[in-house]
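Structural characterization, general
In case you want the letters, here they are:
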Amino acid sequence: ETLKFAFQGALNQLDPYSLNETFTLSALGNVYEGLTRRNENLEIEPSLAESWEVVEPNRWRFHLREGVKFHNGNDFTAEDVAFSVERLHGEGSDLAKRVGSDVKVEIVDDHTVDFVLAGPNPILHYEWDTWYIMDKEWTEANDAVAITSASDTTPNYAALHANGTGPFKLVSHEPGVKTVYEKYDGWWDEATHNLDGVEFTPIGSDATRVAALLSGELDMVYPIPVQDVKRVNDNAGTMAMTGPELRTIFLGMDQMRDELIYSDVKGKNPFKDVRVRKAFYQAIDIEGIKRKIMRDLSTPSAIMISPFLFAKSGDFERLPYDPDAAKALLTEAGYADGFSVGMDCPNDRYVNDEAICQAVASMLARIGIKVDLNAQPKAKYFAKVLASGGFDTSFYLLGWTPGSFDSWNILDNLIQCRDEAGKGGAFNLGGYCSAEVDALADKILVENDPDKRDALIAEAYTLSNNDVAHIPLHQQGLAWGVAEGVELAQRADNQFHFRFVTKN
Amino acid sequence: MFGFAIRRLLQAMIVMLVVALLAFTLFRFVGDPVNQMVGIETSIEEREALRERLGLNDPIPVQFFRFVTDAARFDFGTSYQFRQPVSDLFAKRIPATLELSFMSALFALVVGIPMGIYAGLNREAALSKLFLSVSLVGISLPTFFIGILLIFLFSVTLQWLPSFGRGEVVEVGSWWTTGFLTISGLKALVLPSITLGLYQMTLIMRLIRAEMLEVIRTDYIKFARARGLPDRIVNFRHALKNTMVPVITITGLQLGSIIAFATITETVFQWPGMGLMFLQAVQNVDIPIMAAYLLLTAFLFVAINFIVDILYFVIDPRLRIGRA
Amino acid sequence: MSVLDIHDLKVEFPGRKSTFVAVEGVTLKLEAGKVLGVVGESGAGKSTVGNAVIGLLQEPGRVAEGEIFLHGQRIDNLPDKEKRLMRGRRIGMIFQDPLTSLDPLQTVESQLVETIRTHMPFNAKEARTRAIELIDAVGIPDPAERIKQYPHQFSGGMRQRVVIALALCAEPELVIADEPTTALDVSIQAQILELMKKLCEERNVAMLVITHDMGVIADITDHVAVMYQGKLVEYGETKQVLGAPNHPYTQSLISAVPRPDVRINRFPVVNYIEKAGVPTKHIDISTHWLGQSRNYEKANGALLSIKDLEMRFETHGSIIPSRRRYFHAVKKVSFDIQEGETFGLVGESGSGKSTIARLVTGLYHPSGGSILFAGQELTSLKDRKQVLAMRRQMQMIFQDPFSSLNARMRVRDIIAEPIKFHKLASSNSEVHQIVADLLDHVGLGAAAGQKFPHEFSGGQRQRISIARALATRPRFLICDEPTSALDVSIQAQILNLLKDLQEELGLTMLFISHDLAVIRQMCNRIGVMRHGELCEVSDCDALFDTPQHDYTRQLLGLMPSLDLLSRDKLQAV
Amino acid sequence: MPLFGNEDVKAAVADRTPEASVEPRRSSMSAFLDSDIFHSFLRSKVTVAAALGTATLFLLALLAPWISPHDPFDLATLSIMDARVPPVWMEYADPRFLLGTDDQGRDLLSGIFYGMRISLIVGFCSVIAAAVLGISLGLVAGYMGGRVDAVIMRIADIQLTFPAILIALLVDGAARGIFGGIDREVFSFWILIFSLALSFWVQYARTVRGSTMVEKNKEYVQAARVIGIPSVIIMVRHILPNVTGPVLVIATINLALAIVTEATLSFLGVGMPPTQPSLGTLISIGNDFLYSGEWWIAIFPGLALALLVLNVNLLGDWLRDALNPKLR
Ligand SMILES: Nc1ncnc2c1ncn2[C@@H]1O[C@H](COP(=O)(O)OP(=O)(O)OP(=O)(O)O)[C@@H](O)[C@H]1O
Ligand SMILES: Nc1ncnc2c1ncn2[C@@H]1O[C@H](COP(=O)(O)OP(=O)(O)OP(=O)(O)O)[C@@H](O)[C@H]1O
Ligand SMILES: [Mg+2]
Ligand SMILES: [Mg+2]
């Protein structure tokens with residue numbers, strides 16, 4: 001059987017280290033494998049490593065699977081792992097943080113590798129399911145050791161070809177047009193799928209993508225717009241698979257500058273006042289957004305992480321939707337007549353991102369805040385609001401999935417203090433800063449006891465929630481369209497792996 | 001004729017140079033390419049280093065000079081998104097766009113010309129008025145909307161024709177892929193060609209009609225009738241041929257804009273051509289692709305113009321001999 | 001039996017509000033081998049008769065009454081298909097303008113061959129042979145070669161010959177020629193008329209010649225029909241009609257024709273033709289506005305003095321100077337015009353007459369030589385004030401009354417513009433007065449100022465042009481073929497008006513025309529031009545009586561003999 | 001030698017009729033009502049219908065703030081809970097919203113009125129800007145000739161290689177790059193007008209240049225020069241009024257084209273922002289809801305757009321034929 005599927009974005013190139021982006025990693029995850037992998041429920045499983053243990057607090061030992069062969073027939077050995085770490089740290093790598101730069105690799109024997117750390121790190125291997133192991137000989141033979149950089153005039157061999165150990169081989173790849181995979185007969189694991197091949201086409205336009213599914217041309221498309229879920233379900237021969245996604249969508253406010261860039265308030269920054277932030281929070285009718293914009297395909301969230309990734313998330317509650325209270329808070333803060341503020345929003349990144357921003361704008365209008373919405377494609381949006389753009393925003397919408405599926409990633413990236421240049425919480429665009437939270441984060445990083453760790457994390461969230469550091473909105477839902485007869489696993493991290501597919 | 005060709009060629013080169021300058025300067029201000037090349041977690045120092053390596057910190061004239069000399073060698077650099085030479089990417093995409101444009105132009109001409117002739121010769125006939133009114137719909141609805149409605153009707157509801165892509169393509173030689181040789185390839189061409197060609201068809205039809213109306217009032221047509229020539233000869237050999245001169249100009253220009261408008265059609269039908277790549281490049285601020293696309297469109301346009309000028313010589317003896 | 005027999009023809013054009021009757025009650029007969037001329041002023045319905053015969057009346061025109069017979073067969077009510085078969089085969093047609101009558105994209109051969117093969121059972125080769133014969137017959141040298149060329153490679157005269165060949169190629173019984181020579185030069189006109197007459201006699205073809213040129217009528221026709229406002233007012237043998245016209249319209253028409261042989265003071269204007277509107281007012285120059293500030297210093301010597309004037313046009317531009325090509329339109333021309341005199345310039349088309357006028361008025365900048373006006377060298381004037389002062393003294397009246405007035409401006413604004421621009425009046429109301437006055441003087445009446453140019457006839461428009469020229473209170477007036485676009489009758493009125501104004505205002509004039517007869521009536525001295533050179537300058541009478549230059553003699557020889565014309569009512573000087 | 005056109009023949013006829021010169025002047029209005037153009041207008045039923053249709057739509061757009069049941073720009077009046085209400089004749093409808101609401105709870109009917117207003121404003125402004133630019137350059141190129149002409153026409157050539165869509169994408173990107181975080185609501189409008197004008201001016205310039213080259217050789221221009229009037233005044237006062245006929249036709253067609261192009265640009269994301277939706281923005285928003293059964297969000301604005309453009313095009317069509325002297 002051949003599976004034909006489409007995704008909204010393109011698989012631009014095949015080098016597994018050059019782009020840290022969910023879809024690219026997911027697509028390459030069918031060809032390449034990491035030392036670990038995650039199953040349907042996102043639990044970590046052995047993959048190229050059969051098992052591992054922390055032999056000393058700072059030394060992790062990985063026992064590699066024997067008899068594994070790359071698609072070109074080469075054997076998989078410890079050499080390849082060491083090589084992959086080296087390459088991962090090479091210039092132009094986008095995934096260098098997968099293995100910290102202070103981590104040393106020691107080859108014990110052909111199938112045993114030690115990782116020596118500078119300090120304890122309980123979550124060392126959490127993101128290793130997307131750190132793919134490459135074949136040393138193949139890479140060197142094809143002169144692909146250096147990771148592609150845009151200034152190179154000849155393309156990196158690894159950007160156009162792939163040689164992994166995974167369940168599928170790459171047959172052909174035309175970036176932006178079509179990618180063809182074929183079943184790898186020599187895979188070490190037992191195949192639970194029944195596919196002979198897979199054909200991937202990127203289809204950017206939502207309507208066209210849905211049409212292609214409805215007309216029976218494709219077996220699977222994702223994502224499908226939430227509004228089309230019903231249509232896909234009603235259509236004979238197709239159905240929509242929905243489920244929660246790990247990504248948390250939230251609003252952020254510039255609390256760092258002394259005067260907002262985009263506002264009619266001059267000389268001071270209203271967002272420095274927690275009452276204003278709280279007013280914004282309470283003005284938002286999250287249920288309305290859930291029902292009307294997300295069509296119930298979202299989970300309103302009280303904290304910045306998905307409940308699936310944090311055991312104590314049930315302890316938190318959202319501030320109630322209460323425009324009157326919001327108005328009162330504003331008045332109290334001295335903005336009885338409201339003020340205007342510019343809002344930055346992507347329009348092709350998250351599910352219904354622009355519609356959410358518009359809805360937020362009209363909700364805020366009710367408490368007297370005039371929002372000037374600037375919604376633009378993600379490339380332009382990120383260029384503006386991220387560090388490289390000088391955090392050029394006053395009020396923004398952002399989504400975040402912690403790559404390690406762990407709260408420390410959130411604290412580190414989104415909540416920790418940062419300086420003007422972005423040192424510290426690099427994606428803490430609003431520049432929220434609390435010494436107490438930062439201190440907690442440091443403790444969390446090195447805490448090996450899971451229960452204590454969770455308690456510390458809960459404390460950090462409570463502190464930042466009290467400060468209304470951000471306004472968490474919801475975890476958006478996943479919606480995949482599947483043709484009848486196709487069964488697959490929908491992982492909450494929005495990765496699509498062919499090994500879970502059966503088609504008849 | 002030779003001198004004329006040389007002169008046109010020179011002008012074309014100047015046009016290309018100016019376009020290059022425009023493309024280059026405009027793109028220097030669009031977004032930040034570095035952000036596109038690296039992942040979200042790359043540090044600021046790393047970004048700065050990359051910026052330096054790409055030459056994005058060089059003085060602008062240096063960058064422009066590099067741009068032009070490279071472009072002259074068909075080297076448009078490496079795409080930020082795809083990490084591949086832009087020229088290779090385009091080489092793969094050009095067949096798709098050209099085949100689509102060709103089919104649309106064919107559709108526009110094959111349907112538009114006879115309708116235009118008919119409407120011009122039978123000004124008051126009911127059928128002419130019907131042609132005119134119906135064709136107006138073609139220019140009254142935005143292309144993307146027509147495309148979406150066609151998909152809705154023919155792909156989703158009737159399931160006759162595919163809604164996206166080129167279908168199966170066959171390689172012809174080492175550098176061309178064609179959809180003309182397979183059933184699915186031909187089927188895939190139908191909807192996009194109609195969507196793209198509808199507007200041009202309307203224009204061509206109206207243009208021919210208007211020209212026809214004028215030409216059949218000229219003295220030489222009157223004289224041709226006075227000579228007792230049959231209507232067929234008068235209408236086709238004399239009138240139609242004389243309408244061709246302006247029609248060729250406009251059609252030529254329209255062909256250029258077919259290629260440009262393909263952007264939208266390709267987006268709607270996920271047609272893997274240059275336009276689709278360009279639009280994605282705009283969204284991802286992939287400067288090398290954008291620059292190459294603009295230069296390429298300009299080049300195609302200039303080339304078409306050149307051909308149109310040469311066609312004049314073939315059609316209009318006054319020029320052929322007058323210039324020699 | 002006569003070839004063509006038109007009986008009581010009425011042609012109408014149904015319009016939006018009313019039906020316009022273009023031709024009514026026309027009855028004509030034409031015998032084989034004879035030439036019938038149809039004359040009449042513009043719009044009289046001449047072409048309509050021709051079109052009705054060949055069945056090509058323009059929409060929505062139709063034959064409302066009457067019958068047309070060709071060799072006794074009724075043809076006006078034939079079905080379309082048979083009409084088409086008759087066209088070209090039995091009736092040939094020649095139109096006025098050879099430049100536009102031929103399809104520019106087809107060779108002469110293909111046009112001839114297709115016509116021949118449409119009407120005759122020839123194969124391609126035979127048709128080609130016949131085409132070459134025809135081209136030869138109409139006097140084009142080297143027919144086998146020339147036939148392969150395109151129309152634009154032929155001169156105007158040759159193209160008209162091709163048109164004639166096309167009209168004759170199926171040996172029709174009747175040829176209709178609608179103003180066949182109006183677009184051509186006098187010399188070529190004579191050749192073409194000669195050719196047509198010859199062919200007509202040789203092949204025993206009947207010919208209907210439509211024209212408004214009395215010269216053509218006198219030259220080639222056997223019978224003549226005079227039309228006026230769609231009606232046939234006179235019909236008879238040419239000699240009789242021209243020599244002793246019966247109808248007052250014919251009389252007035254004939255009297256208005258300028259003659260080379262007699263010089264008259266004023267043309268007899270017969271009011272039958274056109275109401276000139278308000279009678280022109282006499283101007284007392286000493287009290288009138290036009291007389292104010294006319295105290296120009298009397299030029300010592302000539303008012304206008306041209307020396308070695310040269311004009312070259314670049315015909316082929318190039319960056320390399322040696323590769324540029326020039327056309328020498330005016331070569332070393334020198335002449336003087338005295339104050340108060342009228343100087344005439346004649347010559348064939350393209351001889352450089354208009355170019356000289358433009359050089360004098362400053363529309364072109366000369367390539368060499370000098371132009372002295374009232375002692376001032378014009379080409380060296382730099383100061384804008386001085387230039388304007390000069391411009392004001394020189395005005396021009398153009399040939400084409402239809403394009404010389406801005407269609408989007410009211411007549412009063414057209415005339416007021418120069419007054420305002422040169423600040424010749426102190427207030428708006430004064431401007432108004434002056435405009436009204438000027439309109440009175442050119443015989444239009446002040447009310448005309450409210451209208452737009454398109455509401456006027458050609459003659460009336462030319463009067464507006466004159467009023468505009470007068471508005472700057474000029475001293476020197478250039479008239480570039482001011483009447484060549486007009487009917488003879490209207491021409492007479494305009495020439496009268498110019499004469500009157502010149503007398504009253506003491507204007508100096510440069511009068512350009514290709515019509516020797518008109519020149520003779522208007523000028524004191526005459527210059528003859530050819531190929532950009534001035535061949536001869538002499539006094540008017542001397543030129544006509546004792547021409548010096550060969551070319552002048554040739555020109556005089558080409559003038560149609562108007563001996564037949566009635567000489568009644570002419571006041572010879 | 002003159003060729004007598006039909007018009008001229010008619011003038012000659014008027015010449016003969018004694019009344020011609022003494023006829024009292026009629027008012028320009030009654031002259032218009034009596035003119036051929038007006039009558040050809042009345043004769044064509046389609047055109048009359050198109051004119052009425054256009055007038056109605058223009059009026060609706062003009063009066064949008066007064067006749068719309070809701071103010072779609074006033075965000076404070078929107079409630080997300082009103083989102084995607086179907087038109088009144090369908091199930092689950094809300095009588096407040098005649099044609100239903102869009103995904104933000106905006107009343108579609110009001111949205112269409114306002115959207116039409118914005119589409120028309122964008123259309124008119126860009127057409128006027130393009131016409132002013134094109135006419136000026138065309139006049140100068142045609143009148144001056146030579147090098148000036150060559151330069152202007154080469155610029156036009158270069159311009160032609162960039163269709164409106166490309167220009168808008170470029171201008172939009174460049175503007176964002178240069179002005180940084182621009183206020184989309186304000187800038188989109190100007191960017192649209194700028195890009196549309198930039199891509200339309202060439203047509204005007206070419207047409208006007210062509211007619212100017214014909215006109216400048218006419219004798220009335222020479223007459224003005226003989227009087228001494230400076231070139232600029234000749235261009236503006238004498239030539240300009242004589243070359244406006246075709247310009248009017250182009251302008252009408254361009255208005256329709258501008259509205260459609262604006263819609264397309266909205267689809268590509270560089271048109272008017274959703275907070276100030278034009279018809280095109282409304283369609284591209286509704287486009288996402290075409291398959292989900294909420295067809296009215298795209299179809300009603302689409303119909304309005306098609307009606308508007310169709311009517312304007314029909315008028316343009318008629319105008320083209322009516323003003324073409326060669327076809328009379
Ligand atoms: N197609 C038409 N529609 C309406 N009126 C027409 C048409 N053709 C000619 N006429 C009118 O018929 C009358 C006669 O026109 P015709 O062309 O026969 O004049 P003519 O004597 O040939 O004049 P000219 O010397 O200017 O050629 C004119 O008044 C003209 O306005
Ligand atoms: N602007 C110009 N550029 C090039 N050639 C020109 C230009 N103006 C006039 N000529 C040429 O100069 C020659 C003289 O033209 P001119 O108009 O003076 O002739 P003319 O004697 O007035 O003829 P006509 O009787 O036809 O008016 C012609 O061959 C004409 O083609
Ligand atoms: Mg006539
Ligand atoms: Mg002349």
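Residues numbered from 1 in each chain as written. Chains lettered and ligands numbered in written order. Predicted model: local features only at pLDDT ≥ 70, side-chain atom pairs only at ≥ 80, totals over all residues. Heavy atoms only, no water.

**What to know about the overall build of chain D**
The secondary structure content of chain D amounts to 14 helices and 0 strands. Beginning at the N terminus, the succession of helices and strands in chain D can be written as α-α-α-α-α-α-α-α-α-α-α-α-α-α. Expressed as a percentage of the 328 residues in chain D, the buried residues total 59%. Counted over contacts in chain D with a minimum sequence separation of 6, partners at least 24 positions apart contribute 69%. Counting every atom, chain D has about 12900 Å² of accessible surface; 68% of that belongs to carbon and sulfur. (Helix = DSSP H or I, 4+ residues; strand = E, 2+ residues; numbered from the N terminus. Buried < 20%, exposed > 50% of the residue type's maximum accessible area, 1.4 Å probe, protein only. Contact = heavy atoms within 4.5 Å. Areas by Shrake-Rupley, 256 points an atom, 1.4 Å probe, with all protein chains shown as cover.)

**Examining the sheet that holds strand β13 (residues 342-347) of chain C**
Residue and element names in this part refer to chain C. The sheet built from 6 strands is open, its strands ordered β16-β17-β18-β13-β19-β20 with mixed pairing. The sheet is open, and its two edges are formed by β16 (394-397) and β20 (533-539), each paired on a single side. Averaged over all pairs of adjacent strands, the angle between their axes in this sheet comes to 20 degrees, without regard to strand direction. Here 6 bridges tie strand β19 (residues 525-530) to β20, and the two strands are oriented antiparallel to one another. Looking across to β20, one finds that Met529 is bridged to Leu534. (Pairing = 2+ DSSP bridges. Axes fitted to C-alpha atoms, helices over the stretch in contact; angles between N-to-C directions.)

**Section: the pattern of salt bridges**
Residues and elements named next belong to chain A. According to the stated counting rule, one finds 51 salt bridges over all chains in the structure shown. We note a salt bridge from Glu106 to Arg59, for which the minimum N-O separation is 2.9 Å. Residue Glu106 is found in strand β6 (residues 104-109), and its partner Arg59 is found in strand β5 (residues 59-64); the two are separated by 47 residues along the sequence. A salt bridge links Glu245 to Arg247; the nearest nitrogen and oxygen atoms lie 3.6 Å apart. Judged on exposure class, the residue Glu245 and its partner Arg247 are both buried. Each of the salt bridges in this network shares a partner with another, and the network as a whole consists of Glu56, Arg59, Arg61, Glu106 and Asp114. (Salt bridge = Lys/Arg side-chain N within 4 Å of Asp/Glu carboxyl O.)

**Observations regarding the state of the cysteines**
Residues and elements named next belong to chain A. Tallied over the full model, the rule gives 2 disulfides over all chains. Sulfur-sulfur distance for the disulfide between Cys345 and Cys357 comes to 2.1 Å. Taking the sign of the S-S torsion, about 85 degrees here, the bridge from Cys345 to Cys357 comes out right-handed. One end of the pair, Cys345, is in strand β14 (residues 340-346); the other, Cys357, is in helix α10 (residues 353-365), and 12 residues separate them in sequence. Covalently, Cys417 is tied to Cys433 through a disulfide, its sulfur atoms 1.9 Å apart. Measuring the twist about the S-S bond at about 90 degrees, one finds the Cys417-Cys433 disulfide to be right-handed. Taken together, the residues span a long stretch of sequence, with Cys417 in the loop between α12 (407-415) and α13 (435-446) and Cys433 in the loop between α12 and α13 at a distance of 16 residues. On the basis of relative accessibility, which here comes to 16%, the residue Cys417 falls in the buried class. (Disulfide = S-S within 2.5 Å.)

**Focus on the domain arrangement of chain C**
Frequently, the measure chosen for interface size is the accessible area that the parts lose on association. All names here are of chain C. What the domain assignment lists for chain C is domain 1 (4-257) and domain 2 (302-554). In this structure, domain 1 and domain 2 have C-alpha centres spaced 36 Å apart. Contacts between domain 1 and domain 2 engage 8 residues on the former and 6 residues on the latter. Regarding the contact of domain 1 and domain 2, the summed buried area is about 670 Å², with carbon and sulfur atoms giving 55% of it. Taken as a group, Glu41, Asp185 and Ala256 account for 49% of the area that domain 1 buries against domain 2, more than any other trio of residues on that side. Linking domain 1 to domain 2 there are 0 salt bridges. Viewed at the interface, domain 2 and domain 1 are joined by 0 residue pairs in polar contact (both at pLDDT 80 or more). When grouped by side-chain class, the residues that make up the side of domain 1 that touches domain 2 number 3 nonpolar, 3 polar and 2 charged. (Domains from an automatic or database assignment. Buried area = accessible area lost by both parts, 1.4 Å probe. Polar contact = N/O pair within 3.5 Å; in protein donor to acceptor, adjacent residues only side chain to side chain. Nonpolar A, V, L, I, M, F, W, Y, C, P; charged D, E, K, R; others polar.)

**A look at the environment of Ala168 of chain D**
Residue and element names in this part refer to chain D. You can see Ala168 is positioned in helix α8 (residues 164-179). The sequence separation of Ala168 and Ala322 amounts to 154 residues, and the corresponding C-alpha distance is 33 Å. For Ala168, the contacting residues outside a window of four places in its chain are Ser195 and Leu265.

**As for the sheet that holds strand β4 (residues 49-56) of chain A**
Residue and element names in this part refer to chain A. The sheet built from 4 strands is open, its strands ordered β4-β5-β7-β6 with antiparallel pairing. With one partner strand each, in any of the chains shown, β4 and β6 form the two edges of the open sheet. Taken pair by pair, the neighbouring strands of this sheet meet at an average axis angle of 20 degrees, ignoring direction. Two elements, β6 and strand β7 (residues 112-116), share 5 bridges in a ladder whose sense is antiparallel. Note on β7: the bridge partner recorded for Glu106 is Asp114. Along the sheet, helix α2 (residues 78-88) contacts β5, β6 and β7; its crossing angle with β6, the most-contacted strand, is approximately 175 degrees.

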